[in-house]
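# Summary of structural features
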Amino acid sequence: VTGEGVILEEGETTSGNQKLTLRCSLEKQEKPCKVYAVWIGEERFQEGERVAFSGEIVPFSKQSYPGGYDEQLYLLTKGYEYKLYPEKIKVTGQDTSLSVRLARARAGVQMVLDRILPAEESGLMQAVLTGDKEKIPDESYTLYSKAGVVHVLCISGLHLSILALEKALGRSKRTSALVTIFAVFAFLLFIKSSPSSYRAALMITVVLLGRAFYRLPDALNTMAIAAFLLLLFQPLYLFHAGFQLSFLTVFGIWFGIGRMERKKKKDRGKFDWLKESLLVSLYASLFSYPAVAYYFSSVSLVGIFANLLIVPLSGLL
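These notes cover the structure that comes with them. (Residues numbered from 1 in each chain as written. Predicted model: local features only at pLDDT ≥ 70, side-chain atom pairs only at ≥ 80, totals over all residues. Heavy atoms only, no water.)

## Digging into the side chain of arginine 199
Its place among the elements puts arginine 199 in helix α8 (residues 195-212). Aspartate 218 provides the closest opposite charge to the buried, unpaired arginine 199, separated from it by 14 Å. Setting aside anything within four residues of it in sequence, one finds arginine 199 in contact with Ser156, Gly157, Ala226, Leu230, Ser246, Phe247 and Val250. (Helix = DSSP H or I, 4+ residues; strand = E, 2+ residues; numbered from the N terminus. Buried < 20%, exposed > 50% of the residue type's maximum accessible area, 1.4 Å probe, protein only. Lys, Arg positive; Asp, Glu negative; His and termini not counted. Salt bridge = Lys/Arg side-chain N within 4 Å of Asp/Glu carboxyl O. Contact = heavy atoms within 4.5 Å.)

## A look at the pairing of strand β3 (residues 33-39)
Counting buried residues in β3 gives six out of seven residues, a clear majority hidden from the surface. Judged from the seven bridges that link them, strand β2 (residues 18-26) and β3 form a sheet pairing that is antiparallel. Bridged to cysteine 24 within β3 is cysteine 33. Counted along the chain from β2 to the antiparallel partner β3, the turn is six residues long, and its residue lysine 28 has a positive phi close to 65 degrees. Both β3 and strand β5 (residues 82-94) contribute to a ladder of three bridges, which runs parallel. The partner of valine 35 across the bridge, within β5, is tyrosine 82. (Pairing = 2+ DSSP bridges.)

## Considerations on the pattern of salt bridges
Under the counting rule described, the total for this entry stands at seven salt bridges. Residue arginine 106 is joined to glutamate 9 by a salt bridge in which the shortest nitrogen-to-oxygen separation is 3.8 Å. Here arginine 106 is found in helix α2 (residues 98-116), whereas its partner glutamate 9 is found in strand β1 (residues 2-12), with 97 residues between them in sequence. Taking the relative accessible area as the measure of exposure, arginine 106 reaches 6% and is therefore buried. Relative accessible area serves as the criterion here: at 26%, glutamate 9 is assigned to the partly exposed category. One salt bridge connects lysine 135 with aspartate 114, and the closest N-O pair in it is separated by 2.8 Å.

Spelled out as structure tokens, the structure:
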């Protein structure tokens with residue numbers, strides 16, 4: 001095929017080749033499409049460059065063994081329609097659309113982190129600030145996974161809740177809610193989004209819209225609305241590990257908090273807050289363990305305790 005388009009994102013494959021996300025028009029196809037391209041040449045391309053290219057379209061790879069990487073599912077949920085191995089790429093100009101400017105801003109943040117931090121710390125901070133987990137060393141990711149705290153590397157409610165601006169603005173709850181919704185979706189456009197970040201943004205939005213219209217929140221309805229809208233947008237998320245783990249964990253947290261609230265305040269002891277935190281962490285882990293075991297072939301018992309320390313410190317970080 002031949003085509004023309006703009007580079008939305010660039011990165012590196014595990015084999016060291018450059019991978020490109022192209023929004024482009026292919027020859028003899030009227031509708032623009034999103035293409036995942038693997039470039040094996042020496043020249044390197046940047047976000048925002050308009051390019052003309054020619055190359056070979058190949059099928060997505062399917063999962064070859066249980067628990068293995070399913071390229072087809074992953075790329076389809078990301079909205080890619082084709083996988084391309086370009087033979088030639090020629091830069092024809094520059095694009096200045098909002099998505100490109102946001103991608104460049106994200107790349108600028110990553111460049112600063114690379115300059116001021118060691119490689120491992122930079123990769124971790126890029127994950128929690130921009131949603132890009134590609135530069136996390138394999139041994140670090142494995143360590144977080146075994147400790148049961150890998151969720152802090154995925155942008156979700158832990159990260160987006162920091163944008164709750166009610167006290168900082170000093171305004172009414174309605175005004176603060178609307179400003180926070182805008183801030184959350186602005187940040188969502190900036191980062192490399194995932195099902196967990198979409199889920200958190202939608203749940204925050206539902207709760208804050210309810211506050212703006214003087215409605216009391218209901219956790220189960222909020223989760224259901226977020227899941228419905230996500231699946232309406234991308235039905236394949238139903239089979240995505242991130243989608244399943246995100247909702248299972250939040251459901252576990254809701255269940256744990258519900259158990260705690262049944263205990264009257266007058267019966268609370270001095271250290272009941274620690275017991276309650278531990279039980280909420282336990283329920284969040286228990287509800288997610290079946291999916292964790294299925295996708296990663298192991299579960300982390302230490303994560304129940306590690307989250308008590310890691311989650312508060314992650315907020316400060």
